[in-house]
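# What the coordinates show
Here is how the chains run, residue by residue.
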Amino acid sequence: MTDSTPHSSDIPAEGPAVGQDEWVARHAERRVLRWDRLAPLEQRLRVAPWWAWLALFLGAMCLLPAITSSGYARLVGFDTVLYMMLALGLNVVVGWGGLLDLGYVAFYGLGAYGYALLDSNQFHLHYAAYFTIPVVVVGGAIAGFLLGLPSRRLHGDYLAIVTLFFLQLFQTIVTNGDSIFGHNVTGGAFGIFNVDPLHAFGHTLATQHGGVFAVSYYFVALAFFAVVFVALRFVNHSRTGRAWRSLREDPLAAEAMGMPVNTLKLMSFSFGAAVAALTGTLFASLSQSVLPLSFYFVLLITIYTMVILGGAGRQHAVVLGALVIGPLLELLRDPNKSRIIFYVALAVGLLLAFGVSRTFGVIAAATTALGFVCHTIAASVHHSWVAGSSPGGLQHFVSSWLVIPKHLAGWIPPVTYIGVICVALVLTLVPRRVRLVLLPPSLYLAAFVWDNVMLPQSDAARYIVLGLILIALMIVRPNGLLGERRVEII
Amino acid sequence: MATFTQLTIDALTLGSVYALIALGYTLVYGVLKLLNFAHGDVFMVGTFIGYGVLQLLGGPSNPSVPIWLLITLITLAAMAGCAVLGVVIERFAYRPLRDAPRIAPLISALGVSFFLANSMQLLFSATPRNYNTFALGNGELYFKGFDIGQVRVPLLRIITIGAAILLMIVLWVLVNKTRTGKAMRATSYDREAAAMMGIDIDRVIMFTFLLGSGLAGAAGVMFALRVPTTVAIGFVAGLKGFTAAVIGGIGSIPGAMAGGIILGCAESYTQGYVSTKWSDLVVFSILVAFMIFRPQGLLGRADIRKV
Amino acid sequence: MKKGIGLALAMIVTATVAATAQANPTAASSASAGTSCKKTLKIGFVTPLTGGAGFLGQEQMSWAQYAVKTLAHSYGLHVVIVPGDTPVEQGAAPAQALAQKFVGDPSVVAILGPSTSGAVAASTQTYFAAGMAHLSPSATRTDLTKTVSGVKEGTPAFFRDVPGDYIQGPSDANFMIHNLHVKKVVIMDFQEPYSLGLADSVQATLNKAGVSTIRLSAPNTTTDYSAYVTKVPSDADVVFFPTQKPADAQTFGEQLIEQGKKAKMFGGDGSNDPTQFKLPGSYVSNFAPDITGIAADASIVSGWKKANPGKSVGSFGPPSYGAAQILMNAIQLACKADHGVLKSRRDVLRKVKQVVIKNWILGGTFRWSTKSNDPLNAKFYIFQIQQDGSYKLVG
């Protein structure tokens, strides 16, 4: 380990002391880890005020349509902005309120369905956007309030389960909503189609031009995002925000100090739900349809990953999390990009683990050499062992470095996949020297598995990556990349 | 009346599977205060292990061993496999987080659940796997049985309910009459004090996961004997198992069994008498009501928060 | 160490830019420029390749790939199929993202699919506005090509080579009425578009003929149908079970026997799979006679089996083969009309309706109906499962 200047709040020299919580003390130890280099970076960035950074960020985001005219890329950009808004909303509930809400996506769905009901042929209502959107947002806030009511008495895990049930309830009602007392309210499993795009003052914002995604929606989404960001920031820096912080840190102490704990909880639910509902309207107006299946549990986990990766409790951190995970998930759908992402991630991981040092060079060289050796051996045994095709990025490198058989025998995927997992787990257990020696073959095996087993099923691979990110994040850096260092008093 | 009897049998069968899953949740929650979201997916892996062993032993139409031995072997294999899986998950995904804020192992569990379900999909694709018990011995398991009035209780259902009762008795004996069980109970009351009394917490927790996941494996085989399994069943099964645990009182073993039966009955009777379409809604509402008004469940202890 | 972080960040940024740059072909090649027909043309395939309906998409994909491999040469084309995954659990979003992706790629000249009716409804407007023909081998919802209660979800750019629910429902119901002489029928649906549409259609026809019907609705995630089996009255003749998971149909039928009910199972085209649904005495409807029984298809079937060892011929695959064939035919016609340089994908769209295929894989000659974008005179075939598990054509 290279220069490890201890931090200002130092490690107690003798380890945990009397009167000090053990986890707090160990936490201070962990802070000497390299990843903490982000903190001084952050200190330096505080030079400019927050609104300057926001403006810069928005400006950069606005440049996206200038860089690319692909409707697909712009749609991904739009989706990412939606994710950012959802992450901001979830941040209110989880990061500021400290409440584990597993039913958040239901509010997103409520917003979308609310917009669809007010602006489609379902009930033949076609209100203008300046009427529908505020109504839906207020409706979302009320729904959040209603969900919060029974949840006041629940804590931690129980709250999580009740909110999860609420999501299931929402899905059940919406899927069967085509015969509520004989009326077709939600369109049932077919959903509601031909929802109007945003329209106000007689002008309709078209969702596409010649089939290509209309960039105006992207700008509308960015505008809404900016409004939400600024509004939430003001709320956070007000009395309410400070009260939320005290509630999150220690609910019992907060209550003892006279904080209206229940009201605060309800408020945090409401704000979060309102933001989700707003995002829902954008989603519905662009898709021009709402389906019950669009609001699924996996989406919730994705948003959680964004919030946690970035760092719950800080808005800019959460936005960063969304910015990383959103496009990443989309890019992983495409086998071409997936491969590039894998190798970049590998290289970045090695860099972060070893720094630009001799170890890094040795490992990289060893892996490459091992690869070529294996490839040559395999090619000489039987040419069909390396004759498989590997579409996409880095093709030439990969086809001469990696063993890609033409036909994968049935037993190879499960055995190698489980093998890679076992190897990875073992690597965390062995001493450092052994780890360094085992690293090149493990990396090669991982590359083999990625290319032959995971790329052909990019959808499952995406979620595996997501799951792994969650697990690793919790173990290594539970506060996320930019989160505030929190300690829970047990 | 025949409908009622039939529905009750359905309820008991369903409930037995839920109870076995719920037992796993209860055990882990009691010791770690952790909601193991990955439990449902361990259950799913158990069904696939059972399927694999079934194929190895010749498949349903041509088994190389007698039927009762076949089922026992499959169950034991699934239990063993799931137990190992549970221990591995605990060691690598939960142990590093033992002293972390409560939310951390929860999120990690979600990650593990994701990882398991999608890994199985990656390796085994989304095709349903059918044990085809109907073909076993020419439908012996379906046609033999005893009669209650006009309704026949087939052998298969007797096996399911019987296995659940047997396993629960074994578990009860293990937890209440052995030293390891005593260590488990001690750890669930107060982990730090138990550590100070010389109990190896790591071993106890590992044992808990071993037991809980083994039960999930058994539940998996019992489930898959009657119904085809896919990689996607883990989430819903876990949810239902968890609700059964909560209704019965999380942390209490007889509570898990009771909760499973109650949940099975709620589902069955609602579907039979009220409406199939809204059965999910009714069941969820009952459960939410339970959680709000009696969160400690039927047989659990009320949680007293110390200041 | 600081260099490590800096270098890592730099790598991430470069890689992202590189990856996104690769994603966007320059828009210079818009509709006005032409694509030479000698170059490789792409057909996008939008289908669920993963998730609960993944086996459907995988089967369709294997047949479509086979069609392209064996037929492209005879049309004088180089064609490549680009897969796009729309798992059913994720709603409409994947279909819309894929629509944008394909519309923005000028080398994609036609779309095979989307396979699910929901995905069609979500993306057909986009394809229509972009002039992209999309031909589905399995989206059977009626209102995609016909106006139902004043609503038509589909667009003129949408086609399908299998008949819709408006044919399957009545033909199943009529078979039940005239051949099975039913008096009481239990109809199940699974709260998703495919089964809902079919169940509604069958129930309507049965009710009109005076047959008493009982409707049961199960959530899509149901695995254990015991309570539903209990609700089947002992005097019901048939249980109509339009599932997309044949294994569930098998289990339901077994449980019916277990409880001593005399009702027979009747599955839709989604339950057509001899390896999973093989309960003797049950009925299955399908939009094609078993193609292994059509003499003209023998070489196709054997060739496919050689390319896909260990897999069985299902019911979703052959229509995909046919769809790929129709699209390649349309591309060929468009290329001919444009003298070898395809001006735009709208030309392909215009030629689709002109395609006529003799020795159609599903039997006979394929022609389009003049009234809608459905096949002409399409009919459904009813099979009965025999004692040995094979399907015999009975209606």
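Residues numbered from 1 in each chain as written. Chains lettered and ligands numbered in written order. Predicted model: local features only at pLDDT ≥ 70, side-chain atom pairs only at ≥ 80, totals over all residues. Heavy atoms only, no water.

### Section: the nonpolar core
Grouped together as the largest cluster of nonpolar side chains are 184 residues, with contacts concentrated most on Phe78, Tyr108, Phe225 and Tyr304 of chain A together with Phe43 of chain B. By residue number, the principal contributor to this core is helix α5 (residues 71-96) of chain A, which donates 17 residues. For Phe78 of chain A, the residues in contact, after removing those within four places along its chain, are Phe213, Tyr217, Tyr218, Ala221, Leu282 and Leu286 of chain A. Counting residues in hydrophobic clusters, the runner-up holds 54 residues, among them Leu41, Tyr66, Val301 and Val348 of chain C. (Core = buried A, V, L, I, M, F, W, Y, C linked by side-chain atoms within 4.5 Å. Buried < 20%, exposed > 50% of the residue type's maximum accessible area, 1.4 Å probe, protein only. Helix = DSSP H or I, 4+ residues; strand = E, 2+ residues; numbered from the N terminus. Contact = heavy atoms within 4.5 Å.)

### Things to note about the pairing of strand β2 (residues 40-47) of chain C
Residues and elements named next belong to chain C. The element β2 is extensively covered by neighbouring structure, given that 6 of its 8 residues are classed as buried. Bridge analysis of β2 against strand β3 (residues 78-85) gives 8 bridges, and the strand direction is parallel. Residue pairing for β3: Phe45 is matched across the bridge by Pro83. Handedness of the β2-helix α2 (residues 54-71)-β3 crossover: right-handed. By the bridge criterion, 4 bridges tie β2 to strand β4 (residues 108-112) in an arrangement that is parallel. Among the inter-strand pairings, Lys42 is bridged to a residue of β4, identified as Val108. (Pairing = 2+ DSSP bridges. Right-handed = clockwise from strand over helix to strand, strands pointing away.)

### Notes on the packing of aromatic side chains
Scanning all chains against the criterion turns up 47 aromatic pairs over all chains. Residues Tyr113 of chain A and Phe170 of chain A carry aromatic rings whose centres are separated by 6.4 Å and whose planes lie at 80 degrees to one another, so their mutual orientation is edge-to-face. One end of the pair, Tyr113 of chain A, is in helix α6 (residues 104-118); the other, Phe170 of chain A, is in helix α8 (residues 156-175), and 57 residues separate them in sequence. According to the relative accessible area criterion, Tyr113 of chain A is buried, its value standing at 3%. Overall, Phe170 of chain A belongs to the buried group, its relative accessible area being 9%. Taking the centre distance of 4.4 Å and the plane angle of 40 degrees together, the rings of Trp360 of chain C and Phe366 of chain C count as tilted. A residue is classified by how much of its surface remains accessible, and Phe366 of chain C, at 2% relative accessible area, is buried. Among the aromatic residues, those joined into a cluster by ring pairs are Tyr108, Tyr113, Phe170, Phe283 and Phe295 of chain A. The ring centre of Phe92 of chain B lies 5.3 Å from the NZ or CZ of Arg91 of chain B, which sits over that ring. (Phe/Tyr/Trp six-rings, centres within 6.5 Å; stacked < 30°, edge-to-face > 60°. Lys NZ or Arg CZ within 6 Å of the ring centre and 35° of its normal.)

### Section: the sheet that holds β4 of chain C
Residues and elements named next belong to chain C. The parallel open sheet is built from 5 strands, whose spatial order is β3-β2-β4-β5-β6. Pairing within the sheet leaves two strands with one partner each, and these edge strands are β3 and β6 (158-160). On average, each strand axis in the sheet is tilted by 25 degrees relative to the strand beside it, whichever way the strands run. (Axes fitted to C-alpha atoms, helices over the stretch in contact; angles between N-to-C directions.)

### Observations regarding the interface of chain B and chain C
Many structure descriptions define interface size as the accessible area lost when the parts assemble. Opposite the 30 residues of chain B that make contact, chain C presents 27 residues. When chain B packs against chain C, the two sides together hide about 2,500 Å² of surface, and 56% of this comes from carbon and sulfur. Our enumeration of links across chain B and chain C arrives at 2 salt bridges. Asp224 of chain C is the salt-bridge partner of Arg226 of chain B, the closest N and O atoms lying 2.4 Å from each other. Applying the counting criterion to the chain B and chain C interface returns 6 residue pairs in polar contact (both at pLDDT 80 or more). Among the secondary structure elements, those contributing two or more residues to the side of chain B that touches chain C are α1 (2-32), α5 (140-143), β2 (151-154), α9 (201-226), α10 (233-248), α11 (253-274) and α12 (279-293) of chain B. Examining the composition of the side of chain B that touches chain C, we find that 5 residues originate from one element, α1 of chain B, more than from any other. Classifying every residue of the side of chain B that touches chain C gives 13 nonpolar, 11 polar and 6 charged. (Buried area = accessible area lost by both parts, 1.4 Å probe. Salt bridge = Lys/Arg side-chain N within 4 Å of Asp/Glu carboxyl O. Polar contact = N/O pair within 3.5 Å; in protein donor to acceptor, adjacent residues only side chain to side chain. Nonpolar A, V, L, I, M, F, W, Y, C, P; charged D, E, K, R; others polar.)

### Some words on the domain arrangement of chain C
Residue and element names in this part refer to chain C. Here the domain parsing of chain C yields domain 1 (30-163 + 296-352) and domain 2 (166-286 + 381-393). The interface is formed by 12 residues belonging to domain 1 together with 10 residues belonging to domain 2. Roughly 970 Å² of surface becomes buried between domain 1 and domain 2 when both sides are summed, with 62% attributable to carbon and sulfur atoms. Scanning the region where domain 1 abuts domain 2 turns up 0 salt bridges. (Domains from an automatic or database assignment.)

### Some words on the interface of chain B and chain A
With 50 residues of chain B at the contact, the number on the chain A side is 51 residues. Carbon and sulfur atoms make up 79% of the surface buried where chain B meets chain A, a total of about 4,800 Å² over both sides. Scanning the region where chain B abuts chain A turns up 0 salt bridges. There are 1 residue pair in polar contact (both at pLDDT 80 or more) connecting chain B and chain A. For the side of chain B that touches chain A, the secondary-structure elements that each account for two or more residues are α3 (67-94), α4 (103-124), α10 and α12 of chain B. In terms of residue class, the side of chain B that touches chain A is built from 35 nonpolar, 7 polar and 8 charged.

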